[in-house]
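Each chain, letter by letter, is given below.
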Amino acid sequence: MIEIFEYEFMQRALIAGVIISIISTIAGSFVVLKRYSLLADTLAHVSLVGVALAILLESSPVYMAIITSVVASWLIEYLRSYHKIYSDSILAIFLSGSLALSVIIVSVANEFNSSLFSYLFGSILAVSSDDLVLISVVGIFVLALFVIFFRSFFFMAFDEDAAQTSGVPVQWLNFLLVTLVAVIIALSIRVVGTLLIGALMVIPVISALRFKKGFFNTVVIALFISLTSVVSGLIISYHYSIPSGATIVTVVLGMFIASMLLNRRG
Amino acid sequence: MIDLQNDDKNCPIFPVISVTNLNISLGSETVLKDITFEINKGDYCAVIGPNGGGKTTLMRAVLGLQKFDSGSIALFGKKLSSFKEWRKIGYVPQRASHVDSEFPATVREVVCMGRSSGYSLFWRKKSEDEEAVENAMQIMEVKNLENRRIGELSGGQRQRAMIARALVSHPEVLVLDEPNTGVDMAVQQKFYALLRELNQKHNITIILITHDIGVVADDIKSIFRVNQTLLANDAPHEVLSCDDMSELYGIHAHMVDGHRHD
């Protein structure tokens with residue numbers, strides 16, 4: 001079991017997976033409590049536009065994915081805050097629109113190939129040394145921002161009006177939160193894939209909520225579920241040659257069912 | 001032991017909230033028209049009026065949560081747009097007692113929120129924060145519930161936790177929007193006794209948006225009757241007449257508990 005981590009590509013996948021697991025779970029905690037779960041899925045589809053553009057222009061998929069998903073996250077937050085359009089409607093527009101756009105771009109590039117498949121569902125072979133450096137540096141920066149603004153994000157998720165009247169810069173922090181979610185999703189496309197990162201962000205938190213604990217303990221339980229799923233998902237992916245995102249999300253779904261069974265009374 | 005660092009009763013009376021010629025419309029509909037009033041430090045006021053009459057909109061505008069068309073609002077002598085000392089104001093919104101029962105927060109975590117901002121975004125837990133949280137929980141009698149989830153509590157307990165959160169930053173003004181919705185009479189009486197203590201002992205200015213005017217009439221120093229305009233701003237015994245209440249609510253009112261009949 002341990003020897004598989006002697007391979008360098010597995011070490012890279014594991015380190016990247018652990019970093020993504022930690023930051024996506026913390027982001028997911030706020031996103032779920034703000035009733036904004038679909039944001040992750042939407043931005044994941046938007047990041048696919050970045051991947052498609054990168055294939056067309058032969059540039060770096062991760063950087064292009066970061067740019068497109070961050071710009072889309074700002075647009076979504078702007079429309080939600082200033083134009084008072086229902087958030088789920090905005091997300092539906094971006095989700096379908098970006099999928100359509102990426103299919104067109106990929107068709108133009110004539111590259112509907114296996115490399116695109118790995119961006120959709122994740123691949124343990126896909127994490128290069130450069131990717132790992134990017135995921136580590138940006139991931140630690142994102143984590144630091146979450147630590148700094150943890151209490152403000154929590155207050156905003158609980159009661160945005162009360163947070164604002166306590167001096168929390170709510171509008172600014174809402175933009176920051178969607179930006180961080182966009183960055184995390186773009187970083188995740190190598191290991192988990194664009195179509196499955198939404199599940200990794202949301203399901204561990206939903207599972208942890210079943211234990212009916214306070215916020216801090218809920219985040220700790222969600223981190224445990226997410227990390228266990230990522231590590232075991234990567235091992236399964238290696239042994240059975242299945243896309244890593246798919247195995248990770250399948251394990252996390254199993255954890256969700258287990259947490260439902262463990263907390264049946266609720 | 002109980003200390004809100006706010007017991008300076010000898011300070012001169014000055015307006016903590018000044019509203020001048022305020023007009024608010026939502027879409028094409030005028031919600032509030034030409035509202036002018038002042039609330040002084042140490043006041044205990046009630047804002048009453050029919051549903052949809054603009055009570056909540058008025059207070060949301062004062063708290064910077066609602067845009068307004070014209071007029072001006074000043075808090076502690078500073079224009080709303082340049083007011084920064086939000087820790088001086090504690091706000092318990094209308095839906096506070098209807099918290100999502102699944103929300104993962106213990107009473108202690110909720111009370112701590114009130115300490116997480118207003119001072120610095122880069123908040124670190126200090127002993128004075130710990131002390132403020134303990135004090136607020138003791139005053140609102142929720143210390144024994146500190147590890148319970150907020151969603152598990154009764155309406156009255158939840159409401160006390162919410163007020164403890166508002167108190168934890170040592171506010172000088174406490175704004176409560178219909179705090180007693182869904183809370184039984186006995187709990188309400190105890191709750192109003194606590195508000196009286198906060199006002200009289202700790203000199204906290206209290207603004208209560210409410211329908212239960214009869215219950216608190218003895219404590220309240222002034223009543224704002226709001227129905228699109230400010231119909232009057234008077235002492236309770238001058239407002240609580242059948243005619244006045246009929247004018248405000250647009251229905252025939254009948255006073256039954258010893259307040260003045262015209």
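A quick note: this is a predicted structure, and the numbers were derived from the prediction, not measured.

Remarks on the environment of B:Val133
Residues and elements named next belong to chain B. By the element assignment, Val133 lies in helix 3 (residues 127-139). Between the C-alpha atom of Val133 and that of Trp86, which follows or precedes it by 47 residues, the distance is 18 Å. If near-sequence neighbours (up to four positions away) are discounted, Val133 is found in contact with Arg108, Val111, Cys112, Arg115 and Val168.

As for unusual backbone geometry
A positive phi is found at A:Ser241, a non-glycine position, where the angle reads about 50 degrees. One can find A:Ser241 in the loop between helix 10 (215-240) and helix 11 (244-262). A positive phi is found at B:Glu141, a non-glycine position, where the angle reads about 55 degrees. Following the sequence through the fold, B:Glu141 ends up in the loop between helix 3 and helix 4 (155-167).

Remarks on the interface of chain A and chain B
Chain A puts 24 residues into the contact, and the matching count from chain B is 23 residues. Put simply, the parts of the chain that give the side of chain A that touches chain B at least two residues each are helix 6 (129-158), helix 7 (160-165) and helix 10 of chain A. Among the residues making up the side of chain A that touches chain B, the classes are represented as 12 nonpolar, seven polar and five charged.

Some remarks on helix 1 (residues 8-33) of chain A
Residues and elements named next belong to chain A. For helix 1, spanning 26 residues, the distance from its first C-alpha to its last is 38 Å, which sits close to the expected 38 Å at 1.5 Å a residue. With 20 of its 26 residues buried, helix 1 lies for the most part within the structure. Looking one or two residues past helix 1, Arg35 carries a phi angle of roughly 55 degrees, positive in sign.

Points about the sheet that holds strand 2 (residues 29-40) of chain B
Residue and element names in this part refer to chain B. Pairing within the open sheet is antiparallel, and its four strands lie in the order 2-1-4-5. The sheet terminates laterally at strand 2 and strand 5 (78-79), the two strands that pair on one side only. Note: strand 4 (residues 70-75) against strand 5, two bridges, orientation antiparallel. Each residue of the ladder has a partner; that of Leu75, found in strand 5, is Lys78. Sheet contacts for helix 1 (residues 55-62): strand 1 (15-26), strand 2 and strand 4; angle to strand 1, the most-contacted strand, approximately 120 degrees.

Observations regarding the confidence of the model for chain B
Reading predicted coordinates in detail is not appropriate for stretches of low pLDDT. Residue and element names in this part refer to chain B. Residue-level pLDDT values for chain B average 78, and 73% of them are 70 or greater. Contacts for the low-pLDDT stretch residues 258-262, under 50 throughout, to residues beyond four places or in other chains number 11 contacts. Listed scores for the predicted complex are pTM 0.84 and ipTM 0.84.

Some details on the packing of helix 9 (residues 197-209) of chain A against helix 11 of chain A
To describe two helices that pack against each other, one gives the angle between their axes and the distance between the axes. All names here are of chain A. Running from N to C, helix 9 and helix 11 point in directions that differ by 15 degrees, and their axes come no closer than 9 Å. As summarised for this structure, helix 9 and helix 11 are arranged roughly parallel, according to the angle between their axes. Where helix 9 crosses over helix 11, the two elements pack in a sense that is left-handed. Contacts between helix 9 and helix 11 pair Ala199, Leu200, Ile203, Pro204, Ile206 and Ser207 from the former with Ile248, Val249, Val252, Leu253, Met255, Phe256 and Ser259 from the latter.

Cut-offs used in this document
Residues numbered from 1 in each chain as written. Chains lettered and ligands numbered in written order. Predicted model: local features only at pLDDT ≥ 70, side-chain atom pairs only at ≥ 80, totals over all residues. Helix = DSSP H or I, 4+ residues; strand = E, 2+ residues; numbered from the N terminus. Contact = placed C-beta atoms within 7 Å. Nonpolar A, V, L, I, M, F, W, Y, C, P; charged D, E, K, R; others polar. Expected span 1.5 Å × (residues − 1). Buried ≥ 20, exposed ≤ 12 C-beta atoms within 10 Å, placed from the backbone. Pairing = 2+ DSSP bridges. Axes fitted to C-alpha atoms, helices over the stretch in contact; angles between N-to-C directions. pLDDT = per-residue confidence, 0-100. Parallel < 35°, antiparallel > 145°, perpendicular 65-115°, else oblique. Left-handed = near helix turned anticlockwise from the far one by under 90°.

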